[in-house]
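Examining the three-dimensional arrangement
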Amino acid sequence: MLQMPFFPTNTSESFDGPVIEADVLERDVIDEGVFKNLLRRGGRQLAIPAAEGLELLLDHQTPVQVRLTMLAALTYLLFPADLIPDFLPVAGLSDDLAALTALLGLWSHHVNPEIRSRAQRRLDLWFPPSR
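Residues numbered from 1 in each chain as written. Predicted model: local features only at pLDDT ≥ 70, side-chain atom pairs only at ≥ 80, totals over all residues. Heavy atoms only, no water.

A tally of regular secondary structure across the chain gives 4 helices and 2 strands. In the chain, which comprises 131 residues, the share counted as buried stands at 18%. Residue pairs at least 24 apart in sequence account for 47% of intrachain contacts in the chain once pairs closer than 6 positions are excluded. Accessible area for the chain stands at about 10,300 Å²; split by element, carbon and sulfur atoms hold 65% of it. (Helix = DSSP H or I, 4+ residues; strand = E, 2+ residues; numbered from the N terminus. Buried < 20%, exposed > 50% of the residue type's maximum accessible area, 1.4 Å probe, protein only. Contact = heavy atoms within 4.5 Å. Areas by Shrake-Rupley, 256 points an atom, 1.4 Å probe, with all protein chains shown as cover.)

Following this line, the structure appears as structure tokens:
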């Protein structure tokens, strides 16, 4: 067992706080297959909206105005410069929130089962289903 103080101590001061006992896991104890599978499933779940958004942008039946608005919102969210700097309290993130709201609103109104199935096939290529 490894005994460590609850908080790191300063070398010039003594620490009289509680001591927490912890076992340190060795490398051979962790099953890499389980860990990789967990990351693969987590990545797949996080990638579903992105894949559906990509398919929505690539779909020829999606109106041009919707595509352009989605691209503009994505560009604004990813571009480092903002109209209102993010370090300002509350107001700094309001422009990002407006772009995200527009993006999510368009996505939820225009995604259909065909787009979802194409996104699912794309995800199967990116993240192969576990055995």
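So much for the structure itself; the text now carries on.
Moving on to helix α2 (residues 64-78). Residues spaced three or four apart along an α-helix face the same direction, because each turn holds 3.6 residues. If you check α2, its first and last C-alpha atoms are 21 Å apart, about what 15 residues at 1.5 Å a residue would give, namely 21 Å. Every buried residue of α2 is listed here: Val66, Met70 and Ala73. Buried residues in α2, looked at end-on, bunch into an arc of 65 degrees, giving them a common side. Pointing more than 90 degrees away from the buried face of α2 are the exposed residues Val64, Gln65, Leu68 and Leu78. (Expected span 1.5 Å × (residues − 1). Arc of directions from axis to C-beta.)

Taken as a whole and assessed by the stated rule, the structure comprises 6 salt bridges. Where Asp124 meets Arg44, a salt bridge forms, and the shortest distance between an N and an O atom there is 2.5 Å. On the criterion of sequence distance, the pair formed by Asp124 in helix α4 (residues 113-126) and Arg44 in helix α1 (residues 32-58) is long-range, its members being 80 residues apart. Taking the relative accessible area as the measure of exposure, Arg44 reaches 16% and is therefore buried. For Arg118, the salt bridge goes to Asp59, with nearest N and O atoms at 3.4 Å. Taken as a pair, Arg118 in helix α4 and Asp59 in the loop between α1 and α2 lie far apart in primary sequence, 59 residues in all. Classification of Asp59 as buried rests on a relative accessible area of 9%. (Salt bridge = Lys/Arg side-chain N within 4 Å of Asp/Glu carboxyl O.)

With respect to the helices and strands, the residue Asp95 is situated in helix α3 (residues 91-110). Although Asp95 lies buried, it forms no salt bridge, and the closest oppositely charged side chain, Arg67, sits 25 Å away as judged by the N-O distance. Apart from the residues lying within four places of it in its own chain, the contact partners of Asp95 are Tyr76, Asp82, Leu83, Ile84 and Asp86. (Lys, Arg positive; Asp, Glu negative; His and termini not counted.)

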